[in-house]
Amino acid sequence: MTRPFTALFFAISAMAVVPFAVAAPGTPTGKPQKFMVHRPPHAAPHSALPPAALVGNPATRLHRPYGGTPIDVMTYHYDNNRTGWNQTETDLTPASVASSSFGLLTTLNVDGNVFAQPLLVSNFVMPDGSTHDVLIIATSNDTVYAYDAQTYAVLWQVSLGTTQNSNDVGCSDSVPSYGISGTPVIVRSAAKKAIIYLVAATEPSQYDFHTQLHALDLGTGADTIAPVEVSPSATLSNGSTLQFSAQNQWVRVSLAYNNGSIYVGAGSHCDNDSGSISGWLMRYNTKLVLKQAFHTIESQTPFELASIWMTGFAPAIDSSGNVYVVTGNGDFEHHDKDWGESALRLPASLNKVADSFTEYGYQKLTDQDQDFGSGGIMLLPTVAGQTAPPMAVAMGKSSELFLLNQTNLGGVKKNNAGALQAQNAGGGGLWGGPAFYNGPNGPTVFTQTDTDVLRGWALATGATPSLTNTLTGTTGSGYGGSLPIVSSNGATSGTGVVWLIRRSVPIELEAYNATTLGAPIYAVTAGNWSNTTDNNPFLTPMEANGRVYVPAYLTVEVFGLTP
């Protein structure tokens, strides 16, 4: 993430710098002071594509039923591995997406930026006894909407408070405000019972900042339990107190759930107050009781941070309940338990770091604002015939694509020798994450870095595991790359589609044939973003039950097939 100039730390990079209001390190929460902060190295490209046009007969446009079995999408990128792969899609294929029957079905109008990935609960029985596929949209205006995912009638909407003003926060990554930023997680226990867990940032009065964890009833939107303040603290090795800052930190990372625990990560706003704050990973039970708070910095240093933000990715969780995250700029000292620029594996309890991989040259990365943690970590599913150990993929702003051993991440070694493989993936770094698809070509990882094309990497799972670039798209990304997802009917030939949001002005929806890539089979503009200076929304689409959802500023556009 971006951070202020200080006498000790300034980036040796091509990034432009402009004045902006940020909180001075060590000062009490309150009116920000002015420092210099980084801005993106280049402007987002302007889209030459036409806006999406509504398709089909207005009277029947939304009447096409889904041909497969409806699914739930209750977590970021479909599963706790964070594969981004919907394996059950029957209606949307490369052929149907390229046809004249596919296009914009409707636009949902909302009240703010939509950072959070849309979520979906199918065949849910509402309190009145009616059954709906329920689409959940959460906004930066601290509003949550529930829509019927066939007709898009609003089932309910709730406001969780007054949002945090971007000027008061002192960071313009989101304008004009900060509210709900991380994707919620939904826990469904019955046909008519599900809870939405989410974090809302509020500012009831000027400079009175709060970050609260909610548990909302999916049927009504009401809080099932009184929301709790996210405010962890810890005593450092020198006896000083480390305290979460509701002004200088936010929950951009998506929430995760496993085996009765809700996991909540936290990073910084523009790296503000970098000498006083740390990244956090917290574990709550389903009653919103904080059970453990892991902090990424143990020793007090002039530049702490080690944020957990991952461009909105959620922590990955393996079958044993271990939790994986990647940290950003910050101090690294293994013996002092400072964990900047590192991929971490923690047990489900979060009581320690069980294993780690730290990108070699970590100090230079931190000095140049080259977060390893600008990208998420994806756990690769084990495939038939695999003899390689369980693997993971991670990449950040350095554009180094790392193939890691989940059971022995690799520590910190010269030339990143602890990784199973390290290679440059092209482009100017990643503010995003990978996706996975095991289709006719075998297991494939998709990535797209800053200014580069979409790439498919064949995964070798034998004695010498590796990733080899075998597929390329044709369209360069916008700022920071993208967060692709994949839909298919399992490994059935002719069904795989890669979807992504291109960070242009306006933003674009692109679709590719997952087995060939090449030129997009579908591409249109699909919404705007409020921050035209940075234009860094870092958004991911969601595809389910024959429809594709594209979040943006004040809108969520819905694409699909007409009858």
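From a predicted model like this one, the values you see are computed outputs, not experimental measurements.

## A look at the sheet that holds strand 7 (residues 143–148)
One key point about sheets: their strands pair by backbone hydrogen bonds, in either a parallel or an antiparallel sense.
Right, so step 1: One open sheet holds the 4 strands; their spatial order is 5-6-7-8, and the pairing between them is antiparallel. Every other strand in the sheet has two partners, leaving strand 5 (119–125) and strand 8 (154–159) as the edge strands with one partner each. Pairwise comparison of adjacent strand axes, ignoring direction, gives a mean angle of 20 degrees for this sheet.
Right, so step 2: Of the pairings in the sheet, the one linking strand 7 to strand 8 comprises 5 bridges and is antiparallel in character.

## What to know about unusual backbone geometry
Right, so step 1: For the bond from Val175 to Pro176, the omega torsion is 5 degrees, close enough to zero to count as cis.
Right, so step 2: Here the residue pair Val505 and Pro506 is connected by a cis peptide bond, since its omega of -10 degrees sits within 30 degrees of zero.
Right, so step 3: Here Pro506 shows up in the loop between strand 37 (497–502) and strand 38 (508–513).
Right, so step 4: Residue Tyr207 is not a glycine yet carries a positive backbone phi of 70 degrees.
Right, so step 5: Non-glycine residue Leu517 carries a positive phi angle of around 55 degrees.

## Comments concerning the sheet that holds strand 37
Right, so step 1: Spatially, 5 strands are ordered 3-36-37-38-39 in an open sheet, and the strand pairing comes out mixed. Strands with a single pairing partner mark the edges of an open sheet, and in this sheet they are strand 3 (85–86) and strand 39 (522–525).
Right, so step 2: When strand 37 meets strand 38, the two strands line up antiparallel, connected through 6 bridges. Residue Trp499 lies in a different strand from strand 38, and its bridge partner there is Ala511.

## Some thoughts on the packing of aromatic side chains
Right, so step 1: For the coordinates displayed, the defined rule picks out 20 aromatic pairs.
Right, so step 2: Pairing Phe102 with Phe559 gives two aromatic rings, centres 6.4 Å apart and planes at 25 degrees, and the pair type is stacked. Residue Phe102 is located in strand 4 (residues 102–113), and its partner Phe559 is located in strand 42 (residues 553–561); the two are separated by 457 residues in the primary sequence.
Right, so step 3: Pairwise contacts between aromatic rings join Phe102, Trp499, Tyr522 and Phe559 into one cluster.

## A short note on the environment of Phe372
Right, so step 1: By the secondary structure assignment, Phe372 is in the loop between helix 3 (362–367) and strand 28 (377–380).
Right, so step 2: Along the sequence, Phe372 and Glu557 sit 185 residues apart, while their C-alpha atoms lie 31 Å from each other.
Right, so step 3: For Phe372, the contacting residues outside a window of four places in its chain are Val326, Thr327, Glu341, Ser342, Ala343, Phe357, Glu359, Ala394, Met395, Gly396 and Phe402.

## Points about the nonpolar core
A general feature of soluble globular proteins is that nonpolar side chains tend to end up buried together.
Right, so step 1: One finds Leu135, Tyr152, Tyr197, Leu255, Val264, Trp499 and Phe559 to be the most contacted residues of the largest nonpolar core, which totals 106 residues.
Right, so step 2: Here this core takes 5 residues from strand 4, the largest share from any one element.
Right, so step 3: The contacts of Tyr152, once residues within four sequence positions are left out, are Leu62, Thr106, Leu108, Leu135, Tyr147, Arg547, Tyr549 and Val558.
Right, so step 4: Counting 28 residues, the second largest nonpolar core, distinct from the first, contains Leu403, Phe446, Leu500 and Tyr512.

## Examining empty space enclosed by the protein
Right, so step 1: Taken as a whole and judged by the stated rule, the model has 3 cavities of 30 Å³ or more.
Right, so step 2: By volume, the second largest cavity is sized at about 70 Å³.
Right, so step 3: In terms of lining, the second largest cavity is formed by Gln164, Tyr178, Gly179, Ile180, Ser181, Val199, Ala201, Thr211, Gln249, Trp250, Val251 and His269.
Right, so step 4: Broken down by secondary-structure element, the contributors of at least two residues to the lining of the second largest cavity are strand 12 (193–202) and strand 17 (249–250).

## Let's talk about the pairing of strand 42
Right, so step 1: Among the 9 residues of strand 42, 7 are classified as buried, and the element is accordingly described as predominantly covered.
Right, so step 2: Across 5 bridges, the pairing between strand 41 (residues 547–551) and strand 42 is antiparallel. Pairing of Val548 across the sheet is with Phe559, part of strand 42.
Right, so step 3: Between strand 41 and the antiparallel strand that follows it, strand 42, lie 1 residue.

## What about the environment of Pro520?
Right, so step 1: Assignment of secondary structure puts Pro520 in the loop between strand 38 and strand 39.
Right, so step 2: Here the alpha-carbon distance between Pro520 and Thr475, two residues 45 residues apart in the chain, equals 7.8 Å.

## With respect to the environment of Ser100
Right, so step 1: The topology assignment puts Ser100 in the loop between helix 1 (94–97) and strand 4.
Right, so step 2: Exposure remark for Ser100: the relative accessible area of 70% places this residue in the exposed category.
Right, so step 3: Residues Ser100 and Asp208, spaced 108 residues apart in sequence, show a C-alpha to C-alpha distance of 52 Å.

## Observations regarding the state of the cysteines
Right, so step 1: Considering all chains together, one arrives at 1 disulfide under this definition.
Right, so step 2: Linked covalently through their sulfurs, Cys171 and Cys270 form a disulfide whose S-S length is 2.1 Å. The sign of the S-S torsion, about 70 degrees, decides the handedness of the disulfide formed by Cys171 and Cys270: right-handed. In this pair, Cys171 sits in the loop between helix 2 (166–169) and strand 10 (177–178) while Cys270 sits in the loop between strand 19 (261–268) and strand 20 (280–285), placing the two residues 99 residues apart along the sequence.
Right, so step 3: Its relative accessible area of 0% is what places Cys171 among the buried residues.
Right, so step 4: Classification of Cys270 by relative accessible area gives buried; the value is 1%.

## So, the side chain of Arg82
Right, so step 1: Tracing the backbone through its elements, the reader meets Arg82 in the loop between strand 2 (33–38) and strand 3.
Right, so step 2: Asp79 provides the closest opposite charge to the buried, unpaired Arg82, separated from it by 6.0 Å.
Right, so step 3: At 3.1 Å, the side chain of Arg82 forms a polar contact with the side chain of Asn80.
Right, so step 4: With near-sequence residues (within four places) excluded, Arg82 lies in contact with Thr75, Tyr76, His77, Ala256, Phe313, Ala314, Pro315, Ala316, Ile377, Met378 and Pro434.

## Quick notes on the pattern of salt bridges
Right, so step 1: Considering all chains together, one arrives at 6 salt bridges under this definition.
Right, so step 2: The shortest N-O distance in the salt bridge between Asp371 and Lys397 comes to 3.0 Å. On the criterion of sequence distance, the pair formed by Asp371 in the loop between helix 3 and strand 28 and Lys397 in the loop between strand 29 (391–394) and strand 30 (400–405) is long-range, its members being 26 residues apart.
Right, so step 3: Judged by relative accessible area, Asp371 falls into the buried class, the value being 2%.
Right, so step 4: With a relative accessible area of 3%, Lys397 lands in the buried category.
Right, so step 5: When the shortest N-O distance is used, the salt bridge between Arg455 and Asp452 registers 2.6 Å.
Right, so step 6: Residue classification places Arg455 among the buried residues on the basis of a relative accessible area of 19%.

About the criteria used
- Residues numbered from 1 in each chain as written.
- Predicted model: local features only at pLDDT ≥ 70, side-chain atom pairs only at ≥ 80, totals over all residues.
- Heavy atoms only, no water.
- Pairing = 2+ DSSP bridges.
- Helix = DSSP H or I, 4+ residues; strand = E, 2+ residues; numbered from the N terminus.
- Axes fitted to C-alpha atoms, helices over the stretch in contact; angles between N-to-C directions.
- Phe/Tyr/Trp six-rings, centres within 6.5 Å; stacked < 30°, edge-to-face > 60°.
- Contact = heavy atoms within 4.5 Å.
- Core = buried A, V, L, I, M, F, W, Y, C linked by side-chain atoms within 4.5 Å.
- Buried < 20%, exposed > 50% of the residue type's maximum accessible area, 1.4 Å probe, protein only.
- 1 Å grid on protein atoms, 1.4 Å probe; cavity = no way out; pocket = protein on both sides within 12 Å on 5 of 7 lines; lining within 4 Å.
- Points joined across faces, edges and corners; volume = space filled by probe spheres on them.
- Disulfide = S-S within 2.5 Å.
- Lys, Arg positive; Asp, Glu negative; His and termini not counted.
- Salt bridge = Lys/Arg side-chain N within 4 Å of Asp/Glu carboxyl O.
- Polar contact = N/O pair within 3.5 Å; in protein donor to acceptor, adjacent residues only side chain to side chain.

Worth remembering: the numbers are spatial, not functional.
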